[in-house]
Amino acid sequence: MAPTPPTDAELNTLIRARLAALGIDLDQLPPGTAPDPQTGSPGRDAVLASLRSFVRGTVATLAAYQLPTPGVTDPDVARALSQQRVPVLYPSISTQGRTS
């Protein structure tokens, strides 16, 4: 049985919990999707929608990556994996070491 993808409400709970652990309270943002006209802060619903999209798209890709393990990984898969770059959230940080 394939796992079912999380609902928007479940992702909202996950996102709010992770941000709360970092001391970030989304309730400080204006409600709705429209930005605050005075401060330009994005609306709470717009931020949650953006973060849900990020979690659905990026986290699964990063979690699926596996390093080739000698004797365990299929040789064809290991060859293909060894030729690609490790996925990183902020590639600009890692390019400095490769170009210097």
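Coordinates for the structure precede this section.
In this report, we go over the structure that sits alongside the text. (Residues numbered from 1 in each chain as written. Predicted model: local features only at pLDDT ≥ 70, side-chain atom pairs only at ≥ 80, totals over all residues. Heavy atoms only, no water.)

### Considerations on the overall build of the chain
So the rule is basically this: Every helix listed is a DSSP run of H or I at least four residues long, and every strand listed is a run of E at least two residues long, numbered separately from the N terminus. Burial status follows relative accessibility: with a 1.4 Å probe on protein chains alone, a residue under 20% of its type maximum counts as buried, one over 50% as exposed, and anything between as partly exposed. Contacts between residues were defined by any pair of non-hydrogen atoms, one from each residue, lying within 4.5 Å.
The helix and strand inventory of the chain stands at four helices and zero strands. Taking all 100 residues of the chain together, 16% fall into the buried category. Pairs at least 24 apart in sequence give 35% of the contacts found in the chain among residues at least 6 apart.

### As for the layout of surface pockets
Quick note on the threshold: Definitions used throughout: a 1 Å grid over protein atoms alone; a cavity as a set of points that fits a 1.4 Å probe which cannot get out; a pocket as an open set with protein on both sides within 12 Å along at least five of seven lines; a lining residue as one with an atom within 4 Å of a point. Grid points are joined across faces, edges and corners, and a volume is the space filled by probe spheres set on the points. Only Asp, Glu, Lys and Arg are considered charged, only Ala, Val, Leu, Ile, Met, Phe, Trp, Tyr, Cys and Pro nonpolar, and every remaining residue, Gly among them, polar.
As a volume, the largest pocket reaches approximately 360 Å³. Looking at the largest pocket, it is lined by 13 residues, and the ones nearest its centre are I15, R18, F54, V55 and V59. Where the lining of the largest pocket is concerned, the elements lending two or more residues are α1 (8-21) and α2 (44-64). In the lining of the largest pocket, the residues fall into eleven nonpolar, one polar and one charged.

### Description of the nonpolar core
Stated formally: Here the nonpolar core consists of buried residues drawn from Ala, Val, Leu, Ile, Met, Phe, Trp, Tyr and Cys, with membership extended through side-chain atoms lying within 4.5 Å.
One finds L11, I15, L19, L26, L29, V47, L48 and V55 forming the largest nonpolar core, which totals eight residues. Setting aside anything within four residues of it in sequence, one finds L29 in contact with S41, P42, R44 and V47.

### Brief notes about the packing of α1 against α2
Our working definition: A fitted line through C-alpha atoms serves as each axis, taken over the contacting stretch for helices, and the angle formed by two N-to-C directions is quoted from 0 to 180°. Orientation labels follow simple angle bins: below 35 degrees gives roughly parallel, above 145 gives roughly antiparallel, 65 to 115 gives roughly perpendicular, and whatever is left gives oblique.
As a packed pair, α1 and α2 sit with axes 10 Å apart at the nearest point and diverge in direction by 95°. Regarding the angle of α1 to α2, the classification is roughly perpendicular. Residue-level inspection shows D8, L11, N12, L14, I15, R16 and L19 of α1 in contact with α2, the latter providing R44, L48, L51, R52, V55 and R56. Here the contact of α1 with α2 is composed, by residue class, of seven nonpolar, one polar and five charged.

### So, α1
Stated formally: In this analysis, the expected span of each helix is defined as 1.5 Å times one less than the number of residues it contains. Comment: arc refers to directions from the helix axis out to C-beta atoms.
Spanning 14 residues, α1 covers 20 Å between terminal C-alpha atoms, matching the ideal 20 Å at 1.5 Å per step. Residues of α1 that are buried include every one of L11, N12, I15 and L19, and no others. All buried residues of α1 lie within an arc of 105° about the axis, which places them on one face of the element. Turned more than 90 degrees away from the buried face of α1, the exposed residues are A9, T13, A20 and A21. Where α1 is buried, its residues contact α2.

### Quick notes on the environment of V47
Here V47 is to be found in helix α2. For the pair V47 and G32, spaced 15 residues apart in sequence, the C-alpha separation works out to 9.4 Å. Not counting chain neighbours up to four residues away, the residues in contact with V47 comprise L26, L29 and P42.

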